[in-house]
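# Per-entry structural report
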Amino acid sequence: MSPLLDPIPDADIQAGVAQVSTPHPFDGRLSVVVPVRNEAENIEPLVREIAAALSGLRAFEIVYVDDGSDDGTHAELERIAASCRSFAICGTSGAAARAPRS
């Protein structure tokens, strides 16, 4: 799965559909933010769909925000993140996420 999520070279971005006349401080990378809670079985299929849709068009990253999952979602996110450079996880899982905040 890793080759699908590798950053796309700048030359490919310049030749792609969306050309930017002024460089953006984030180098044209698109961030796809996906909020999840108890979605362990859906993580990898969605990562593959996002990668298939964006690969070759522009550089991108996928940021998953885990909102207190207790079904193995966070473990699945960590498994995928270990093999993908363009993947990030935010949030916490389990009881820590549901604990009262002061």
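No experiment lies behind these values; they were computed from the predicted model shown.

Tallying secondary structure elements over the chain gives five helices and three strands in all. When the elements of the chain are put in sequence order from the N terminus, they spell out α-α-β-α-β-α-β-α. Long-range pairs, those at least 24 residues apart, make up 80% of the contacts in the chain between residues at least 6 apart in sequence. On the chain, roughly 6,200 Å² of surface is accessible, and the fraction owed to carbon and sulfur atoms is 56%.

Attention now goes to the packing of helix 3 (residues 43-54) against helix 4 (residues 73-81). Where helix 3 meets helix 4, the closest approach of the two axes is 10 Å, and the angle between their N-to-C directions is 40°. Between helix 3 and helix 4, the interaxial angle falls into the category oblique. For the pair formed by helix 3 and helix 4, the contact residues are Ile-43, Glu-44 and Val-47 on the first element and Thr-73, Glu-76, Leu-77, Arg-79 and Ile-80 on the second. Taken together, the residues of the contact of helix 3 with helix 4 break down into four nonpolar, one polar and three charged.

Time to look at the nonpolar core. Among the nonpolar cores identified, the biggest contains 15 residues, and Val-34, Ile-43, Val-47, Ile-62, Tyr-64 and Phe-87 are the most heavily contacted of them. At the level of elements, strand 1 (30-36), helix 3, strand 2 (60-67) and helix 4 are the ones that each hand at least two residues to this core. Counting residues per element, this core draws most heavily on helix 3, which supplies five residues. Sequence-distant contacts of Ile-43, defined by excluding residues within four places in its chain, comprise Val-36, Tyr-64, Thr-73, Glu-76, Leu-77 and Ile-80.

Mean pLDDT for the chain: 75, with 63% of residues reaching 70 or above. Counting interchain partners and residues more than four positions distant, the pLDDT-below-50 stretch residues 1-21 has 36 contacts.

Next up on the list: the packing of aromatic side chains. Taken as a whole and assessed by the stated rule, the structure comprises one aromatic pair. Between Tyr-64 and Phe-87 the ring centres are 5.4 Å apart and the planes differ by 35°, which places this aromatic pair in the tilted class. Linking Tyr-64 in strand 2 with Phe-87 in strand 3 (residues 87-92), this pair joins segments that are 23 residues apart in sequence. Using a relative accessible area of 1% as the deciding quantity, one classes Tyr-64 as buried.

Cut-offs used in this document
- Residues numbered from 1 in each chain as written.
- Predicted model: local features only at pLDDT ≥ 70, side-chain atom pairs only at ≥ 80, totals over all residues.
- Heavy atoms only, no water.
- Helix = DSSP H or I, 4+ residues; strand = E, 2+ residues; numbered from the N terminus.
- Contact = heavy atoms within 4.5 Å.
- Areas by Shrake-Rupley, 256 points an atom, 1.4 Å probe, with all protein chains shown as cover.
- Axes fitted to C-alpha atoms, helices over the stretch in contact; angles between N-to-C directions.
- Parallel < 35°, antiparallel > 145°, perpendicular 65-115°, else oblique.
- Nonpolar A, V, L, I, M, F, W, Y, C, P; charged D, E, K, R; others polar.
- Core = buried A, V, L, I, M, F, W, Y, C linked by side-chain atoms within 4.5 Å.
- Buried < 20%, exposed > 50% of the residue type's maximum accessible area, 1.4 Å probe, protein only.
- pLDDT = per-residue confidence, 0-100.
- Phe/Tyr/Trp six-rings, centres within 6.5 Å; stacked < 30°, edge-to-face > 60°.

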